[in-house]
Amino acid sequence: DTAVSQTPKYLVTQMGNDKSIKCEQNLGHDTMYWYKQDSKKFLKIMFSYNNKELIINETVPNRFSPKSPDKAHLNLHINSLELGDSAVYFCASSQGRLAGVTDTQYFGPGTRLTVL
Amino acid sequence: AQKVTQAQTEISVVEKEDVTLDCVYETRDTTYYLFWYKQPPSGELVFLIRRNSFDEQNEISGRYSWNFQKSTSSFNFTITASQVVDSAVYFCALKENNFNKFYFGSGTKLNVKP
């Protein structure tokens, strides 16, 4: 059973287009995250939602808009794509702060976005 | 300031050698959690271990072992008798008690040569 899934796995698109990446978790977790991993493998947190509520919003261009229709889903929409948006985007989930000692983050397989 | 520092950018060893990946963290919280993740060439991020700040007992799992030392704010990861399949980027991460944010180090790329 897939715990955290993302679609699509690969996304190739032209500059200026709008695209979305979907994420779903079946772990019953309360918190979900989006990370961007650049070519140097650095993992940068972008957003986090807890029970559909935005709790972390790092310095990310407002072309990026997360949406959480329910606590099992966190989608990422990107407007007016730029070359610098090319990266691997990872979705993750965890039980959340209230989980205390057992809180662990689990990652989806990643979406490799290439902007031409 | 970086909350998690992995000073080793890349390490190369020959199969069967032991290798230690360093992780130094910074926090003012008394309760926090430390993690190691593995990212093989296939790209997925795999959870390896979680350690809680109040549990300084070292852990061994097969060829993997972790040395948690609060006195030096370090959480080092040792692979004994390394194998080619251990080749990956390894990330150390910190989560403070009152926040949902996980802080990741910049990763250490381990190359194990046959």
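Residues numbered from 1 in each chain as written. Chains lettered and ligands numbered in written order. Predicted model: local features only at pLDDT ≥ 70, side-chain atom pairs only at ≥ 80, totals over all residues. Heavy atoms only, no water.

### A look at the interface of chain B and chain A
Note the cut-off: Contact criterion: two residues are considered in contact whenever any of their non-hydrogen atoms come within 4.5 Å of each other. Each of two parts loses accessible area, computed with a 1.4 Å probe, when they are put together; buried area is these two losses added. Each reported salt bridge corresponds to a side-chain nitrogen of Lys or Arg within 4 Å of a carboxyl oxygen of Asp or Glu. Any N or O atom pair separated by 3.5 Å or less is treated as a polar contact, with the protein-specific requirement of one donor-capable and one acceptor-capable atom, and with residues adjacent in sequence counted only for side-chain atom pairs. The way it works is that DSSP assigns letters per residue, a run of H or I at least four long becomes a helix, a run of E at least two long becomes a strand, and they are numbered from the N terminus. For this scheme, ten residues count as nonpolar: Ala, Val, Leu, Ile, Met, Phe, Trp, Tyr, Cys and Pro. Four count as charged, namely Asp, Glu, Lys and Arg, and the remainder, Gly too, count as polar.
With 21 residues of chain B at the interface, the matching set in chain A holds 24 residues. Summing the contributions of chain B and of chain A, the shared interface buries around 1,900 Å²; its carbon and sulfur component is 58%. Our count for the chain B to chain A interface comes out at one salt bridge. Linking B:K101 and A:E58 is a salt bridge whose minimum nitrogen-to-oxygen distance equals 3.1 Å. Remark: the boundary between chain B and chain A carries four residue pairs in polar contact (both at pLDDT 80 or more). Of the residues forming the side of chain B that touches chain A, the biggest block, four residues, is contributed by strand β5 (residues 32–39) of chain B. Broken down by class, the residue content of the side of chain B that touches chain A amounts to 11 nonpolar, seven polar and three charged.

### Some details on unusual backbone geometry
All names here are of chain A. Quick note on the threshold: Throughout, exposure labels follow a simple rule: accessible area from a 1.4 Å probe, protein chains only, divided by the maximum for the residue type, with under 20% read as buried, over 50% as exposed, and the rest as partly exposed.
In the segment running from T7 into P8, the intervening peptide bond is cis, with an omega of -5°. By secondary structure assignment, the location of P8 is in the loop between β1 (4–7) and β2 (10–13). Phi at K41 takes a positive value of approximately 75°, unusual for a residue other than glycine. The residue K41 is located in the loop between β4 (31–37) and β5 (43–50) in this model. The class for K41 is partly exposed, based on a relative accessible area of 30%.

### Focus on the packing of aromatic side chains
Threshold: Pairing of aromatic side chains requires ring centres within 6.5 Å, counting the rings of Phe and Tyr and the six-membered ring of Trp. Pairs whose planes differ by under 30 degrees are stacked, by over 60 edge-to-face, and all others tilted. Distance and angle both matter: a charge sits over a ring if NZ of Lys or CZ of Arg is within 6 Å of the ring centre and within 35 degrees of the ring normal.
Summed over all chains, the structure comprises 23 aromatic pairs over all chains. Judged by centre distance (6.3 Å) and plane angle (50°), the ring pair of B:Y25 and B:F68 falls under tilted. Residue B:Y25 is found in strand β4 (residues 24–25), and its partner B:F68 is found in strand β8 (residues 64–69); the two are separated by 43 residues along the sequence. Here B:Y25 matches B:F68 in class, with each residue buried. In textbook terms, an aromatic cluster arises when at least three aromatic residues are bridged by ring pairs, as seen for A:Y33, A:Y35, A:F90, A:Y106, A:F107, B:F35, B:Y37, B:F47, B:F91, B:F102 and B:F104. Just above the ring of B:Y103 sits the side chain of B:K3; from NZ or CZ to the centre is 5.3 Å.

### Some details on a positive patch on the surface
Stated precisely, the cut-off is as follows: Patch construction takes residues with relative accessible area above 30% that form no salt bridge. Like charges are linked within 9 Å, and nonpolar side chains (Val, Leu, Ile, Met, Phe, Trp, Tyr) are linked within 5 Å. Each accessible area is a Shrake-Rupley result for a 1.4 Å probe, and residues are judged covered by the shown protein chains and nothing else. As used throughout, the charge tally considers Lys and Arg to be positive and Asp and Glu to be negative, leaving His and the chain termini uncounted. Note that the charge is assigned to NZ on lysines, CZ on arginines, CG on aspartates and CD on glutamates.
Taken together, the side chains of A:K9, A:K41, A:R112 and B:K109 make up a positively charged region of the molecular surface. Mapped onto the fold, A:K9 is located in the loop between β1 and β2.

### Here's the deal with the nonpolar core
All names here are of chain B. Put simply, the test is: The definition of a nonpolar core used throughout is a set of buried Ala, Val, Leu, Ile, Met, Phe, Trp, Tyr and Cys residues joined through side-chain atoms within 4.5 Å.
Residues W36, F77, Y90 and L110 are the most contacted members of the largest nonpolar core, which totals 23 residues. Within the residue set of this core, elements represented by two or more residues are β2 (10–14), β3 (19–21), β5, β8, β9 (74–79), β10 (88–96) and β12 (108–113). When near neighbours in sequence (up to four residues on either side) are disregarded, F77 contacts V19, T20, L21, W36, L48, Y64, S65, W66 and Y90.

### Quick look at the confidence of the model for chain B
The line we're drawing: The predictor rates its confidence in each residue with pLDDT, a number between 0 and 100.
Mean pLDDT over chain B: 93, with 99% of residues reaching 70 or higher. The spread of mean pLDDT over the elements of chain B runs between strand β7 (residues 59–61) of chain B, the lowest at 87, and β3(B), the highest at 98.

### A short note on the sheet that holds β1(A)
Residue and element names in this part refer to chain A. Spelled out, the test is: A pair of strands counts as paired when DSSP detects no fewer than two bridges linking them. To get an axis, fit a line to the C-alpha atoms, keeping to the stretch in contact for a helix; angles then go from 0 to 180 degrees between the N-to-C directions.
As summarised here, the arrangement of the four strands in space is β1-β3-β8-β7, forming an open sheet in which the pairing is antiparallel. Looking at which strands have only one partner, the edges of the open sheet turn out to be β1 and β7 (64–70). Going across the sheet, the axis of each strand differs from the next one's by a mean of 20°, ignoring polarity.

### Focus on the environment of A:E58
Position of A:E58 relative to the elements: it lies in the loop between β6 (53–57) and β7. Those residues in contact with A:E58 that lie beyond four places of it in its chain are A:I45, A:M46 and B:K101. Side chain to side chain, A:E58 and B:K101 meet in a polar contact 3.1 Å long.

### Remarks on the pattern of salt bridges
In a structure, side chains of opposite charge can pair up when their charged atoms sit close to one another. All names here are of chain A. Following the criterion strictly, the structure yields eight salt bridges over all chains and no others. One salt bridge connects D30 with K71, and the closest N-O pair in it is separated by 2.8 Å. Of this pair, D30 sits in the loop between β3 (19–25) and β4 while K71 sits in the loop between β7 and β8 (73–78), and the two are 41 residues apart along the sequence. In this structure, R63 and D85 form a salt bridge, with 2.8 Å as the shortest nitrogen-oxygen distance. Of this pair, R63 sits in the loop between β6 and β7 while D85 sits in the loop between β8 and β9 (87–94), placing them 22 residues apart in sequence. What makes R63 buried here is its relative accessible area of 13%. Salt bridges sharing partners connect three or more residues here, namely R63, E82 and D85.

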